[in-house]
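Chain by chain, the residues:
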There are 2 protein chains.
Amino acid sequence: MSESRFDTVLIDLSGVLYVGDTPIAGAVDALARLRASGRRLCFLTNTTRRTRAALVQKLNTLGLAIAAGEIMTAASAAHAYVLEDGLRPQLLIHPDLAPEFEDLDTHDPNAVVVGDAGAGFTYDALNAAFRVLMAADEPRLVAMGGNRYFADGDQLSLDMGPFVAALEVAADVRAVTTGKPAAAFFHAALRQLGGTAGSAVMIGDDLENDIGGAQRAGLSGVLVRTGKYRADDERHPEVKPEHIADDFAAAVDWILAGG
Amino acid sequence: MSESRFDTVLIDLSGVLYVGDTPIAGAVDALARLRASGRRLCFLTNTTRRTRAALVQKLNTLGLAIAAGEIMTAASAAHAYVLEDGLRPQLLIHPDLAPEFEDLDTHDPNAVVVGDAGAGFTYDALNAAFRVLMAADEPRLVAMGGNRYFADGDQLSLDMGPFVAALEVAADVRAVTTGKPAAAFFHAALRQLGGTAGSAVMIGDDLENDIGGAQRAGLSGVLVRTGKYRADDERHPEVKPEHIADDFAAAVDWILAGG
């Protein structure tokens, strides 16, 4: 531990610890080794199709012992943002995520919150959100993430980013992003852990949102060659990870060896 | 007539001559006066929720005697574009417009054509269009227009532009626009009329597509304070109409008085 640069490790979930319903080989053991080293850990996800409770249940089923309090989701960051600013949001979210937002006042909305609503992105729902933005004196568009698409079985499917872009164009507003790659999201995790950016590293499979976002927030980044990783990521003109590891276990080895 | 700068007048339909199912006060008489002046007239519309034949029928019901041959639609421009390039389009269009495209080969699509599909903008339809663009070697996205919204009764509703933007972001492509504000659309109208850009004026309620588009094509533009017009339009940083009129009748008076 004393030899390592990194006492704080932030970890993406989907594509790093599991893909679909399968844990990535070696991930369960590697997570146990990382915990045994005494480092501060936090799990950061932009997945917005289920509540944090449902996510924990899934992780436990996969053999990954992760507590709800260790996970920061783009959805809970959006929830906190809305509460802090006293907004009354029109929600464009997946029905499975609704329980996380049911405490909010959504009458006479003055803001729009967008997650990965999937089939919930209907014309009527988008039109209602657009009208809220056009009617507001100071339109507030809160996006959980800017992800363009995700691997959906053996096909690609639209994520929330394109629909956020549609509302930005329609109402001539700029969205505030609460999840990755927003620096505030990484900083909130560090604050919760009592860590500093200079001694923190993010492990992720999404070059732009995980690695680029972490680096812009002052952290280091380790890209894993699993999940949505593509060989092209290693030739990106701007985002250069501090390290590229074959998988999560190799990333943990690199960190434990000193980083 | 000899005193006027403008011998050619291009006119938007929805929001200028009518809103919803109601003619704008004075529009029927003003159109008759404009016709009586002997000027060349053409009606340019990005409305893509009905065929040209259905549009003429609606106009006649409203007391507006306009012939099919006087109307240029963004939909027919898209149809011509697809035919010329031999594309097989996935159609994201309103069901009422389908008859205008039923002659095209849409099997194994290699392009996407977007009109104002309204409620047809479902997640599944957009996802299918996205996948066509991602699978194509040279993805072709053909947009009938870039209109952000339209006046829908006493509310604003999303037009096709935001959905085109969503597909552009998702698949990282740039759309080709066939209707307003494309310069080619205005020039095709002038060619049909035998008019020149320097002596032509466009009357519209859409600052960006009608006025900005016309000006970039070398024409003048008169903005009317009806339809989707909003007070902010008069403070736009870039697009400055040659004239702003309270309504179509006032725009015609201005043109007949010399422009």
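Peer 1: Would you explain the packing of helix H4 (residues 123–135) of chain B against helix H5 (residues 161–171) of chain B in this entry?
Peer 2: Any two packed helices are characterised by the angle at which their axes cross and by the distance between the axes. Residues and elements named next belong to chain B. Two elements in contact, H4 and H5, have axes separated by 10 Å at closest approach and are oriented at 45 degrees. Viewed along their axes, H4 and H5 adopt a mutual orientation that is oblique. Between H4 and H5 lies a crossing whose hand is right-handed. Between H4 and H5, the contacting residues are Leu126, Ala129, Phe130, Leu133 and Met134 on the first element and Phe163, Leu167, Ala170 and Ala171 on the second. Tallied by class, the residues present in the contact of H4 with H5 amount to nine nonpolar, no polar and no charged.

Peer 1: Please clarify how the sheet that holds strand E4 (residues 40–45) of chain B should be interpreted in this entry.
Peer 2: Picture the strands of a sheet paired through backbone hydrogen bonds; they go either parallel or antiparallel. Residue and element names in this part refer to chain B. Taken in spatial order, the six strands make up an open sheet running E5-E4-E1-E12-E13-E14, and their pairing is parallel. Looking at which strands have only one partner, the edges of the open sheet turn out to be strand E5 (71–73) and strand E14 (243–245). The sheet shows a mean angle of 25 degrees between the axes of neighbouring strands, taken without regard to direction. Across four bridges, the pairing between strand E12 (residues 200–204) and strand E13 (residues 220–224) is parallel. When the sheet's bridge partners are listed, methionine 202 is paired in E13 with glycine 221. Against the sheet, helix H2 (residues 52–61) contacts E4 and E5, and its axis sits at roughly 135 degrees relative to E5.

Peer 1: How do you make sense of the pairing of strand E8 (residues 140–143) of chain A when you look at a structure like this?
Peer 2: On a regular strand, one side chain projects to one face of the sheet and the next to the other, so that they alternate. All names here are of chain A. In this structure, strand E7 (residues 111–114) lies alongside E8, joined through four bridges in parallel fashion. Residue valine 113 lies in a different strand from E8, and its bridge partner there is valine 142. Following the chain from E7 across helix H4 (residues 123–135) to the adjacent parallel E8, one finds a crossover that is right-handed. Of the strand pairs in this sheet, E8 and strand E11 (residues 176–177) are connected by two bridges, and their pairing is parallel. Looking at E11, one finds that valine 142 is bridged to valine 176.

Peer 1: Please clarify how the confidence of the model for chain A should be interpreted in this entry.
Peer 2: Regions with low pLDDT should not have their predicted coordinates read in detail. When pLDDT is averaged along chain A, the result is 94, and 98% of the positions lie at 70 or above. Reported confidence for the predicted complex is 0.86 by ipTM and 0.87 by pTM.

Peer 1: I would appreciate a short explanation of unusual backbone geometry in the present structure.
Peer 2: For residues that are not glycine, phi is negative in most cases, and the peptide bond is trans in most cases. Put simply, Lys180(A) and Pro181(A) share a cis peptide bond, and its omega is 10 degrees. Turning to its location among the elements, Pro181(A) is positioned in the loop between E11 and helix H6 (183–193). Even without a glycine there, the phi angle at Asp108(A) is positive, about 45 degrees. Relative accessible area serves as the criterion here: at 61%, Asp108(A) is assigned to the exposed category. Positioned with a positive phi, Asp172(B) is a non-glycine residue whose angle comes to about 55 degrees. Looking at where Asp172(B) falls in the secondary structure, it is placed in the loop between H5 and strand E11 (176–177).

Peer 1: Is there a simple way to think about the sheet that holds E11(A) in this case?
Peer 2: All names here are of chain A. As summarised here, the arrangement of the four strands in space is E6-E7-E8-E11, forming an open sheet in which the pairing is parallel. The open sheet terminates on both sides in strands that have one partner only, identified here as strand E6 (89–92) and E11. Packed on one face of the sheet, H4 meets E6, E7 and E8 and runs near 155 degrees to E6. Relative to E8, helix H5 (residues 161–171) is tilted by about 170 degrees, and along the sheet it contacts E6, E7 and E8.

Peer 1: So what exactly am I meant to see when it comes to the interface of chain B and chain A here?
Peer 2: Many authors give the size of an interface as the accessible area that is lost as the parts come together. Taken together, the contact between chain B and chain A spans 28 residues of the former and 27 residues of the latter. Across the chain B/chain A interface, buried area totals approximately 2,300 Å², and carbon plus sulfur atoms make up 63% of it. Taken together, the connections running from chain B to chain A amount to zero salt bridges. Linking chain B to chain A there are 17 residue pairs in polar contact (both at pLDDT 80 or more). Put simply, the parts of the chain that give the side of chain B that touches chain A at least two residues each are H4, strand E9 (149–152), strand E10 (155–158) and H5 of chain B. Its residues assigned to classes, the side of chain B that touches chain A comprises 17 nonpolar, five polar and six charged.

Peer 1: I keep staring at helix H3 (residues 74–85) of chain B and nothing clicks. Help me out?
Peer 2: Residue pairs spaced three or four apart in an α-helix point in one direction, given the helix's 3.6 residues per turn. Residue and element names in this part refer to chain B. Over its twelve residues, H3 extends 17 Å from the first C-alpha to the last, a length consistent with the 16 Å expected when each residue adds 1.5 Å. Among the residues of H3, Ala74, Ala75, Ala78, His79 and Val82 are the ones counted as buried. The arc that holds every buried residue of H3, seen down its axis, measures 145 degrees, which confines them to one face. Across H3 from its buried face, at more than 90 degrees, point the exposed residues Leu83 and Glu84. In this structure, the buried residues of H3 make contact with E4, E5, strand E6 (89–92), strand E7 (111–114), strand E8 (140–143) and helix H6 (183–193). Glycine 86 lies just past H3 and shows a positive phi near 60 degrees.

Peer 1: Sorry, what's going on with the pairing of strand E12 (residues 200–204) of chain A here?
Peer 2: Burial within E12(A) is extensive, with five of its five residues counted as buried. The alternating pattern of E12(A) places Ala200(A), Met202(A) and Gly204(A) on one face and Val201(A) and Ile203(A) on the opposite face, and all of these are buried.

Peer 1: I'm lost on helix H1 (residues 27–36) of chain A in this one. Help?
Peer 2: All names here are of chain A. Buried residues of H1: Ala27, Ala30, Leu31 and Leu34, and no others. Seen along its axis, H1 keeps its buried residues to an arc of 100 degrees; they face one direction. Along H1, the residues that are exposed and aim more than 90 degrees away from the buried face are Asp29 and Ala36. Taken together, the buried residues of H1 touch strand E1 (8–11), strand E4 (40–45) and helix H8 (248–256). Backbone geometry just after H1 places glycine 38 at a positive phi near 85 degrees.

Calculation rules
Residues numbered from 1 in each chain as written. Chains lettered and ligands numbered in written order. Predicted model: local features only at pLDDT ≥ 70, side-chain atom pairs only at ≥ 80, totals over all residues. Heavy atoms only, no water. Axes fitted to C-alpha atoms, helices over the stretch in contact; angles between N-to-C directions. Helix = DSSP H or I, 4+ residues; strand = E, 2+ residues; numbered from the N terminus. Parallel < 35°, antiparallel > 145°, perpendicular 65-115°, else oblique. Left-handed = near helix turned anticlockwise from the far one by under 90°. Contact = heavy atoms within 4.5 Å. Nonpolar A, V, L, I, M, F, W, Y, C, P; charged D, E, K, R; others polar. Pairing = 2+ DSSP bridges. Right-handed = clockwise from strand over helix to strand, strands pointing away. pLDDT = per-residue confidence, 0-100. Buried < 20%, exposed > 50% of the residue type's maximum accessible area, 1.4 Å probe, protein only. Buried area = accessible area lost by both parts, 1.4 Å probe. Salt bridge = Lys/Arg side-chain N within 4 Å of Asp/Glu carboxyl O. Polar contact = N/O pair within 3.5 Å; in protein donor to acceptor, adjacent residues only side chain to side chain. Expected span 1.5 Å × (residues − 1). Arc of directions from axis to C-beta.

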